[in-house]
Amino acid sequence: ASGTGNGKVLIRPTAGTTHNDAIIDINIDNFIMEWIEIDLGALDSTTTNKAVQFQGTNDDNIIRNNLIHDKGGNPGTNGAFMIHVVGAGGTTDTISILNNIIYNIVETTDDTASAINMNGWQGTLNIYNNTVWNIDSDNSGSTKAATAYRFNGHANQVANVKNNIASKLVADTAAEQRAFWNTGTGTANADYNLSDDTTHATYQAAGSNSLIDKTEAEIDFVSVGVGTEDLHIDTDSVCREEGVDLGTTNEVNIDIDGVDRDSNGVVWDIGADQTA
């Protein structure tokens with residue numbers, strides 16, 4: 001696929017998993033998933049509905065610098081969740097989701113579609129520098145959401161959500177087009193994100209430094225053509241130099257192509273790609 005970056009291992013399954021299992025199911029502490037491309041394009045007619053799933057024993061799990069894309073169809077009882085947590089974990093546990101690109105997640109019948117849904121986690125959650133594009137629950141009913149990021153659904157969750165792009169959300173009703181779905185139960189520290197003009201007002205990027213109502217042209221992806229998707233941002237993007245420096249913990253400073261924002265001394269861009 002175009003725009004994968006360098007050195008990624010490609011997983012392109014031709015046989016689906018059991019419904020509500022994932023291509024990668026994680027039930028272990030101290031786990032890192034990095035530099036992998038998961039192409040679900042051959043599984044549109046299967047029951048597969050998840051790419052990565054946390055089972056609950058997930059302290060110090062890091063999902064970084066991955067590309068996940070092209071899940072379509074009607075997989076079954078639940079819609080497509082590309083990164084999903086199903087266990088609460090411990091209150092002192094941490095999951096970090098960093099510098100990933102997720103795109104073309106299309107539920108065609110009666111269900112929701114979601115890129116990163118970490119609502120039920122009760123520990124610390126870091127969602128930093130991700131790019132999400134084309135999450136679609138159209139033709140699924142007026143209460144079926146198309147969600148880029150969902151978080152803060154547990155009273156003990158501390159969600160840190162910064163430098164993320166959410167673009168092209170499609171649903172039967174505008175109220176279900178949810179870029180940043182903060183359930184509001186725990187604690188959320190969200191800022192320096194971008195939501196585009198497809199987002200319902202209730203679910204726009206929060207924070208005084210976030211960008212809202214931006215058009216796809218203003219985000220300026222390299223390509224959104226069918227089959228030629230490249231979600232690096234181009235030189236005129238409004239995301240350039242609008243992020244916040246998040247340091248170097250868990251290599252959050254390394255972008256989708258391996259560019260080190262820290263050693264290069266750049267102002268951080270919003271999203272998985274650093275253009276500077």
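Residues numbered from 1 in each chain as written. Predicted model: local features only at pLDDT ≥ 70, side-chain atom pairs only at ≥ 80, totals over all residues. Heavy atoms only, no water.

**Quick notes on the environment of D262**
Next, step 1: Secondary-structure assignment places D262 in helix α2 (residues 261-264).
Next, step 2: D262 sits 69 residues away from N193 along the chain, and the two C-alpha atoms are 19 Å apart.
Next, step 3: Look past the residues within four positions of D262 in its chain and what remains in contact with it is T248 and N253. (Helix = DSSP H or I, 4+ residues; strand = E, 2+ residues; numbered from the N terminus. Contact = heavy atoms within 4.5 Å.)

**Section: the confidence of the model for the protein**
Next, step 1: Mean pLDDT over the protein: 95, with 97% of residues reaching 70 or higher.
Next, step 2: Mean pLDDT values over the elements of the protein span from 95, in strand β1 (residues 9-11), up to 99, in strand β12 (residues 124-128). (pLDDT = per-residue confidence, 0-100.)

**Considering the pattern of salt bridges**
Next, step 1: A full pass over the atoms with the stated rule returns 4 salt bridges.
Next, step 2: Here R12 makes a salt bridge to D39, at a shortest N to O gap of 3.0 Å. Note that R12 is positioned in the loop between β1 and β2 (24-26) and D39 in strand β4 (residues 36-39), a separation of 27 residues in sequence.
Next, step 3: For R12, a relative accessible area of 46% puts it in the partly exposed group.
Next, step 4: The closest approach of N and O atoms between E176 and R178, which form a salt bridge, is 3.3 Å.
Next, step 5: Overlapping salt bridges bring together E34, R64 and E251 as one network. (Salt bridge = Lys/Arg side-chain N within 4 Å of Asp/Glu carboxyl O. Buried < 20%, exposed > 50% of the residue type's maximum accessible area, 1.4 Å probe, protein only.)

**A few points about the sheet that holds strand β13 (residues 131-136)**
Next, step 1: An order of β1-β4-β7-β10-β13-β16-β19-β20 is seen for the 8 strands of this open sheet, with the pairing classed as parallel. Strands at the two margins of the open sheet, each flanked by one partner only, are β1 and β20 (211-214). Taking each pair of neighbouring strands and ignoring which way they run, the sheet shows an average axis angle of 15 degrees.
Next, step 2: By the bridge criterion, 5 bridges tie β13 to strand β16 (residues 165-170) in an arrangement that is parallel. Note on β16: the bridge partner recorded for W133 is S167. (Pairing = 2+ DSSP bridges. Axes fitted to C-alpha atoms, helices over the stretch in contact; angles between N-to-C directions.)

**Examining the sheet that holds strand β14 (residues 146-151)**
Backbone hydrogen bonds are what pair the strands of a sheet, in a parallel or an antiparallel way.
Next, step 1: Pairing in this open sheet of 6 strands is parallel, and the strands run β2-β5-β8-β11-β14-β17 from one edge to the other. Each edge of the open sheet is held by one strand with a lone partner, namely β2 and β17 (177-182). For this sheet, the mean inter-axis angle between neighbouring strands, taken without regard to orientation, is 15 degrees.
Next, step 2: Sheet topology places strand β8 (residues 80-85) next to strand β11 (residues 113-117); 4 bridges connect them, and they run parallel. What sits directly across from H84, in β11, is N117.

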